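If you want the building blocks of each chain, they are given just below.
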Amino acid sequence: PRTTKRRARPRENDPDRARRLFDKAEAFRQARQEAKVSLHAVRAKHPVGAALWRTLVSLVMLPFALAACVASLPGWAAAQGLASTAKDRSFHNSLRFGVILLVWKPIVLIASIVLLCTVKWYWALACLLLLCPAPTLVFQWFEELRRLASAWRYAGNRRLRRQKEDLMNELKELKEK
């Protein structure tokens, strides 16, 4: 119990060291944000391996993502157009979701009628099964691309990786005392 209390209160036991640690953490946060590196990228134990893995997965998913992008283009364009008019950036995602919810149902309905009238039913069904989740897949794809870019920025930034390593080592030392 006594050791736990001592570990839990580094500010009280060693205020100078705690201040240095907090300053290092703040410097790391600022450097990470300036480098446009996400927390997801920083969490990776092996940044280059994580970036390579994300790249491989992205390449495998590329044909599906491109098809989903083309399929959801009308709804996505309407959502982007309305979101760009909103001044409050925190409202953009809600606005996009609402627009896609409203626009996507008529698009799928029209596509269903056209497909069922023009191609064999099993091809129409296959296309509709791929069409339904398209807007969600597109937004997930764009998020994955953002994380991929961040992973490569972190993998290529030795100074930031060294800064994280120093911070983690100091935290480990603090836990051990």
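Preceding this section is the structure that the text describes.
The rules behind each value
Residues numbered from 1 in each chain as written. Predicted model: local features only at pLDDT ≥ 70, side-chain atom pairs only at ≥ 80, totals over all residues. Heavy atoms only, no water. Helix = DSSP H or I, 4+ residues; strand = E, 2+ residues; numbered from the N terminus. Contact = heavy atoms within 4.5 Å. Expected span 1.5 Å × (residues − 1). Buried < 20%, exposed > 50% of the residue type's maximum accessible area, 1.4 Å probe, protein only. Core = buried A, V, L, I, M, F, W, Y, C linked by side-chain atoms within 4.5 Å. Phe/Tyr/Trp six-rings, centres within 6.5 Å; stacked < 30°, edge-to-face > 60°.

Novice: How do you make sense of the side chain of Glu170 when you look at a structure like this?
Specialist: Mapped onto the elements, Glu170 comes out in helix α10 (residues 158-176). Those residues in contact with Glu170, other than ones at most four positions away along the chain, are Arg17, Leu21 and Lys24.

Novice: So what exactly am I meant to see when it comes to helix α7 (residues 92-118) here?
Specialist: Every α-helix carries 3.6 residues per turn, so stepping three or four residues along brings you back to the same face. With 27 residues, α7 extends 37 Å from end C-alpha to end C-alpha; this agrees with the ideal 39 Å at 1.5 Å per step. Looking only at α7, the buried set comprises His92, Arg96, Val99, Ile100, Trp104, Val108, Ala111, Ser112 and Leu115. Buried residues in α7 make contact with α5 (47-71), α6 (73-85), α8 (121-131) and α9 (134-155).

Novice: Would you mind going over the nonpolar core with me for this structure?
Specialist: Across soluble globular proteins, you tend to see nonpolar side chains buried next to one another. Within the largest apolar cluster, 13 residues are counted, with the highest numbers of intra-cluster contacts made by Trp104 and Leu131. The element contributing the most residues to this core is α7, with 6 residues. Leaving out residues up to four positions away in the same chain, Trp104 has contacts with Ala71, Ser72, Val99, Leu131, Cys132, Ala134 and Pro135.

Novice: Any chance you could explain the packing of aromatic side chains here in plain terms?
Specialist: What characterises a pair of aromatic rings is the spacing of the ring centres plus the angle enclosed by the ring planes. A complete count under the given rule lists 3 aromatic pairs for this structure. When the centroid spacing of 5.8 Å and the interplanar angle of 85° are considered together, the rings of Trp121 and Tyr122 count as edge-to-face. Tyr122 gets classed as partly exposed once you look at its relative accessible area, which sits at 41%. Here the aromatic rings of Tyr122 and Trp123 are separated by 5.9 Å at their centres, their planes lie at 50°, and the arrangement is tilted. The class of Trp123 is exposed, set by a relative accessible area of 53%. Site record: aromatic cluster; members linked through ring pairs are Trp121, Tyr122 and Trp123.

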